[in-house]
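# A structural walkthrough
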Amino acid sequence: MPGPHSTTAARNRARHLPRPVLALLTVLLSATLLWPAPSPAVISGSSGDKPAALALIGLSPDGVSCLIGAAAPGKLLNSDAIAPKIRSMQEFTFVNYKGARETGWAVGAPRVIGGNGDCDRHYQQELSIKASQLGQYMLGIRGTKPSVRGLLAKDVVILAARDSAAVALVAAYLKKKELAGTPVRIEQALRADLDGDGKADLIVSATSSRREQAVKGEYSVVLVQLAGAPAPPPLVLADDITPETTDYPSVLWESRIVAIADLDGDGIMEIALYGEFYHGDGWEIIQIKDGKVVHALFCGCGG
């Protein structure tokens, strides 16, 4: 990222949505958010058959969407591959790591956003979903609730923010980054079987950011500790550190675990992350393959 707020995350691509674009998209969605959702009878026959590829949509609490891509048996597809196949009245189930939450329907075809200047080209999908159903980060997966529930991680355990294993994991990361003694501030700590071995793995999101001013040593990180004896090295899914104190607003704000699901049917969970920064926001689908992190899909805008 250019400017005084450059971070240590070389892999952190332009995943930010500029505030003017965010405001515009919110206005564009305002009408459809108030529409009543169609009854299932309206789409009978379209959502009952399992599609060959499951479109994936990130949805923010204020209703701004981002078409991340799609999942098919054994593979993930980028948004260009799935966008032409989305039609009005296709059903989506919106989930987070707590389970299936809401149902919505596509309105029209995806619309291209960005592609010039700071904003990466991506797709925004209008949705028929009630405003009362918003207010949380969710991953939309094409399909009915019963079919989508079968994809989600089972027996997800939500841990306390001061869970000893979670705190130790983040503290070790900070020490490795020469930030020993920096307060550990955990936003999310979960246990779930991510790699299909029947053992509960640990996934933690931690963020320390003042937002209004960049302070040296601020961080935002998502870590995974796979179960095993001896424990394998932790995996870093997201990693941002503020290198110096300035008078500018802090660039990094948060990295959020949104959903855990086996999207491509290979027995290994994919992890949906949302990241927000001063310049905007973005979504990722991350895989763990042979003990390594794969940043498989991305949707967002940045500067």
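### So, the packing of aromatic side chains
Counted by the stated rule, this structure contains 3 aromatic pairs. When the centroid spacing of 4.3 Å and the interplanar angle of 35 degrees are considered together, the rings of Tyr137 and Tyr274 count as tilted. One end of the pair, Tyr137, is in the loop between strand 8 (127-128) and strand 9 (138-142); the other, Tyr274, is in strand 16 (residues 270-277), with 137 residues separating them in the sequence. Residues Tyr137 and Tyr274 agree in their burial class; the two are buried. Three or more aromatic residues joined by ring pairs make a cluster, and in this case those are Tyr137, Tyr274 and Trp283.

### Some remarks on the nonpolar core
Grouped together as the largest cluster of nonpolar side chains are 24 residues, with contacts concentrated most on Leu56, Leu139, Ile141 and Ile285. Counting only elements with at least two residues in this core, the list comes to strand 1 (54-59), strand 2 (65-72), strand 9, strand 15 (252-261), strand 16, strand 17 (280-289) and strand 18 (292-300). Dropping the residues within four chain positions of it, Ile285 is found in contact with Leu56, Ile68, Leu76, Leu139, Leu263, Glu270, Ile271, Ala272, Val294, His295, Ala296 and Leu297. Counting 19 residues, the second-largest nonpolar core is a separate cluster that includes Tyr97, Leu190, Ala238 and Ile288.

### Quick notes on the environment of Gln133
Position of Gln133 among the secondary structure elements: in the loop between strand 8 and strand 9. Residue Gln133 is classed as buried on the basis of its relative accessible area of 14%. Taking the C-alpha atoms as reference, Gln133 lies 8.5 Å from Arg101; in sequence the two are 32 residues apart. Setting aside anything within four residues of it in sequence, one finds Gln133 in contact with Glu102, Thr103 and Met138. Within polar-contact distance, the side chain of Gln133 engages the side chain of Glu102 at 3.1 Å.

### Some words on the pattern of salt bridges
Once the charged atoms of two side chains with opposite charge are near each other, the side chains can pair. Under the definition given, this model contains 5 salt bridges. A salt bridge links Glu126 to Arg111; the shortest N-O distance between them is 2.7 Å. Separated by 15 residues along the polypeptide, Glu126 in the loop between strand 7 (122-124) and strand 8 and Arg111 in strand 6 (residues 111-113) bring together distant segments of the chain. For Glu126, a relative accessible area of 16% puts it in the buried group. For Lys177, the salt bridge goes to Asp239, with nearest N and O atoms at 3.3 Å.

### Examining the pairing of strand 11 (residues 186-192)
Buried residues dominate strand 11, accounting for 5 of its 7 residues. Of the pairings in the sheet, the one linking strand 10 (residues 157-158) to strand 11 comprises 2 bridges and is antiparallel in character. In the sheet register, Val157 faces strand 11, and the bridge partner there is Arg191. Pairing between strand 11 and strand 12 (residues 201-208): 6 bridges, direction antiparallel.

### Concerning the confidence of the model for the chain
Across the chain, the average pLDDT comes to 83, with 82% of residues at or above 70. In this model residues 1-48 is a low-confidence stretch, pLDDT under 50, and it forms 124 contacts with partners more than four residues away in sequence or in other chains.

### Quick look at helix 4 (residues 164-176)
Look at helix 4: 18 Å from first C-alpha to last across 13 residues, which is about the 18 Å you get at 1.5 Å a residue. Turning to helix 4, its buried residues are Ala166, Val167, Leu169, Val170, Tyr173 and Leu174. Viewed end-on, helix 4 has its buried residues packed into an arc of 160 degrees, placing them on one side of the element. Counted as exposed and oriented over 90 degrees from the buried face of helix 4: Ser164, Lys175 and Lys176. Turning to helix 4, the residues buried within the fold contact strand 11, strand 12, strand 13 (219-225) and strand 14 (235-241). The N-cap of helix 4, judged by a side-chain oxygen 3.2 Å from the amide nitrogen of Ala165 a few residues on, is Asp163. Positive phi appears at Glu178, one or two residues downstream of helix 4, with a value of about 60 degrees.

Calculation criteria
Residues numbered from 1 in each chain as written. Predicted model: local features only at pLDDT ≥ 70, side-chain atom pairs only at ≥ 80, totals over all residues. Heavy atoms only, no water. Phe/Tyr/Trp six-rings, centres within 6.5 Å; stacked < 30°, edge-to-face > 60°. Helix = DSSP H or I, 4+ residues; strand = E, 2+ residues; numbered from the N terminus. Buried < 20%, exposed > 50% of the residue type's maximum accessible area, 1.4 Å probe, protein only. Core = buried A, V, L, I, M, F, W, Y, C linked by side-chain atoms within 4.5 Å. Contact = heavy atoms within 4.5 Å. Polar contact = N/O pair within 3.5 Å; in protein donor to acceptor, adjacent residues only side chain to side chain. Salt bridge = Lys/Arg side-chain N within 4 Å of Asp/Glu carboxyl O. Pairing = 2+ DSSP bridges. pLDDT = per-residue confidence, 0-100. Expected span 1.5 Å × (residues − 1). Arc of directions from axis to C-beta.

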